[in-house]
Amino acid sequence: MMSTTQQKASPLLVIIAFAIVYIVWGSTYFFIQMAIQGIPAMLMGAIRYTIAGLLMLGWCALKGDKIWVKRDVLNSAVSGLLLLAIGNGIVIWVEQALPSAMVAIMISANPIWFVVLDKRNWKENLTSTATVVGLIIGFAGVILLFGEQVAKALGGTHDDAKIWGVGLLVLGPIAWSAGSLYSKYKGSSSPARVTTAWQMLIAGIAFLPASALHNEFANFDIAQVPAKAWMAVLYLIFFGSIAAFTAYVWLLQVRPATQVSTHSYVNPVIAVLLGVMFAQEHISLLQIGGLVIILVSVLLINLAKYRKYANEKKRVEAKVESSEELICEAV
């Protein structure tokens with residue numbers, strides 16, 4: 001049965017939130033690559049999330065929210081480190097070596113890991129033929145993309161940075177899915193905006209030692225950063241972080257995690273279009289094939305969920321109509 005929170009969520013707000021997550025996050029891959037052309041990768045992550053987190057906390061304070069709830073802050077720290085410091089940190093790091101479109105294609109495997117890591121729903125998910133077939137096809141797509149880089153390595157035309165980048169991109173979705181599920185199941189007594197603020201601020205702070213370890217501070221000259229890199233960072237702060245991530249965290253509270261993960265359908269398509277059209281990136285037919293295979297797997301994985309959710313919604317609406325009829329008859 002649908003939860004009370006899901007029933008109370010405004011359909012219009014849900015549509016707007018999904019649109020923001022779908023479109024804005026699809027564009028962030030392009031803007032991340034634009035930003036790190038002028039700012040060291042880990043330092044860019046620190047700037048982006050620290051500023052976004054502080055701005056969000058300030059807004060929460062103005063709204064009268066209770067900012068410090070120890071349990072919620074600790075839960076936000078765990079999910080924020082998994083989601084942003086590790087999951088998104090890998091994306092930022094590998095975009096130094098890989099095209100933004102290629103990164104988005106690999107990240108489209110997120111929903112596969114949602115199913116694998118969602119232990120509470122293993123019985124339901126792993127007894128569904130469509131879900132199991134989807135998982136097998138999805139892993140085949142990931143192996144296909146990884147295999148392309150291995151084939152290039154064996155052929156002598158490889159780039160070690162690209163090989164490591166593709167390998168890290170297999171781990172990124174695992175961290176992202178784990179953080180999303182942790183955030184969903186641990187819950188929070190605080191509003192979604194407070195949770196989001198702490199997740200971003202803690203992740204932003206976590207980027208600082210990573211930046212120091214790579215000696216980014218010594219090689220950074222703020223006067224040499226081009227205007228377009230700063231504009232990209234501003235876009236990532238206000239749209240990619242504050243708007244889209246807030247919408248994502250809120251959607252996790254009012255919609256099934258598997259349904260929320262469907263942003264993986266749209267994000268890579270937008271990323272590929274932006275990369276090819278504006279960054280002159282080259283995407284091979286094999287990579288496009290890998291994307292199609294992964295998206296087909298995501299569709300199969302979510303097929304049973306969509307049907308179940310639709311049936312539950314119909315049952316709830318039928319009960320409401322039945323109750324209203326009984327009330328009218330009594331009156």
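Every value quoted in this text rests on a predicted model; they were computed, and no experiment measured them.

Visitor: Break down the overall build of the protein chain for me, with residues and values.
Guide: Along the backbone of the protein chain there are 14 helices and zero strands. Going from N to C terminus, the protein chain has its helices and strands arranged as α-α-α-α-α-α-α-α-α-α-α-α-α-α. Out of the 331 residues belonging to the protein chain, those deemed buried represent 50%. Just so you have it, the protein chain exposes about 15700 Å², and 69% of that area is on carbon and sulfur atoms.

Visitor: Please set out helix 2 (residues 11-35) residue by residue, giving values where relevant.
Guide: A rise of 1.5 Å per residue sets the reference length of helix 2, with its 25 residues, at 36 Å; its end C-alpha atoms lie 35 Å apart and thus fit the reference within 8%. Where helix 2 bends most, at Tyr29, the angle is about 35°.

Visitor: Break down the nonpolar core for me, citing the residues and quoting the values.
Guide: Grouped together as the largest cluster of nonpolar side chains are 90 residues, with contacts concentrated most on Met44, Phe245 and Tyr248. Examining the composition of this core, we find that 15 residues originate from one element, helix 11 (residues 227-254), more than from any other. Every residue in contact with Met44, bar those within four places of it in the chain, is listed here: Ile32, Ala35, Ile36, Ile39, Ile92, Val233 and Leu236.

Visitor: Hey, could you go over the environment of Ile105 for me, with residue numbers and the actual values?
Guide: Considering the arrangement of structural elements, one finds Ile105 in helix 5 (residues 100-107). Separated by 185 residues in sequence, Ile105 and Gly290 place their C-alpha atoms 7.8 Å apart. Contacts of Ile105, omitting those with residues within four sequence positions, involve Leu145, Pro268, Val272, Ile283, Gln287, Leu291 and Ile294.

Visitor: For the environment of Ile270, give the residues involved together with the corresponding values.
Guide: Summarising the element assignment, Ile270 is placed in helix 13 (residues 263-278). In contact with Ile270, other than residues within four places in its own chain, are Tyr22, Ile23, Gly26 and Ser27.

Visitor: Hey, could you go over the pattern of salt bridges for me, with residue numbers and the actual values?
Guide: This structure, assessed with the given rule, holds two salt bridges. Residue Asp65 pairs with Arg193 through a salt bridge whose shortest N-O separation is 2.5 Å. On the criterion of sequence distance, the pair formed by Asp65 in the loop between helix 3 (41-62) and helix 4 (70-94) and Arg193 in helix 10 (residues 192-213) is long-range, its members being 128 residues apart. Residue classification places Arg193 among the partly exposed residues on the basis of a relative accessible area of 22%. Salt-bridge contacts for Arg71 lead to Asp72; the nearest nitrogen and oxygen are separated by 3.6 Å. Residue Asp72 is classed as buried on the basis of its relative accessible area, which comes to 5%.

Visitor: Which residues make up the packing of helix 2 against helix 5, and what values do they have?
Guide: Viewed as axis vectors pointing N to C, helix 2 and helix 5 meet at an angle of 135°, and their least axial separation amounts to 9 Å. Here helix 5 runs oblique to helix 2, going by the angle between their axes. Like other packed secondary-structure pairs, helix 2 and helix 5 cross with a definite hand, here right-handed. Taking contact as the criterion, the partners of Tyr29, Phe30 and Gln33 in helix 2 are, on helix 5, Ser100, Val103, Ala104 and Ile107.

Visitor: Hey, could you go over a nonpolar patch on the surface for me, with residue numbers and the actual values?
Guide: Together, Ile51, Leu55, Leu234, Phe238 and Phe239 make up an exposed nonpolar region whose accessible area comes to about 450 Å². Secondary-structure elements contributing two or more residues to the nonpolar patch are helix 3 and helix 11. Broken down by element, the residue count for the nonpolar patch peaks at three residues, all from helix 11. Locating Phe239 in the fold gives a position in helix 11.

Visitor: Pulling in residues and values, what's your account of the packing of aromatic side chains?
Guide: Counted by the stated rule, this structure contains 13 aromatic pairs. For the ring pair Trp25 and Phe245, a centre distance of 6.3 Å and an interplane angle of 40° mean the geometry is tilted. Note that Trp25 is positioned in helix 2 and Phe245 in helix 11, a separation of 220 residues in sequence. For Trp25, a relative accessible area of 9% puts it in the buried group. For Phe245, a relative accessible area of 2% translates into the label buried. Relative to Phe207, the ring of Tyr49 has its centre 5.9 Å away and its plane inclined at 10°; by these criteria the two rings are stacked.

Cut-offs and rules
Residues numbered from 1 in each chain as written. Predicted model: local features only at pLDDT ≥ 70, side-chain atom pairs only at ≥ 80, totals over all residues. Heavy atoms only, no water. Helix = DSSP H or I, 4+ residues; strand = E, 2+ residues; numbered from the N terminus. Buried < 20%, exposed > 50% of the residue type's maximum accessible area, 1.4 Å probe, protein only. Areas by Shrake-Rupley, 256 points an atom, 1.4 Å probe, with all protein chains shown as cover. Expected span 1.5 Å × (residues − 1). Bend = angle between axes of the 7 residues up to and from the residue. Core = buried A, V, L, I, M, F, W, Y, C linked by side-chain atoms within 4.5 Å. Contact = heavy atoms within 4.5 Å. Salt bridge = Lys/Arg side-chain N within 4 Å of Asp/Glu carboxyl O. Axes fitted to C-alpha atoms, helices over the stretch in contact; angles between N-to-C directions. Parallel < 35°, antiparallel > 145°, perpendicular 65-115°, else oblique. Left-handed = near helix turned anticlockwise from the far one by under 90°. Patch = residues over 30% accessible without salt bridge, like charges linked within 9 Å, V, L, I, M, F, W, Y side chains within 5 Å. Phe/Tyr/Trp six-rings, centres within 6.5 Å; stacked < 30°, edge-to-face > 60°.

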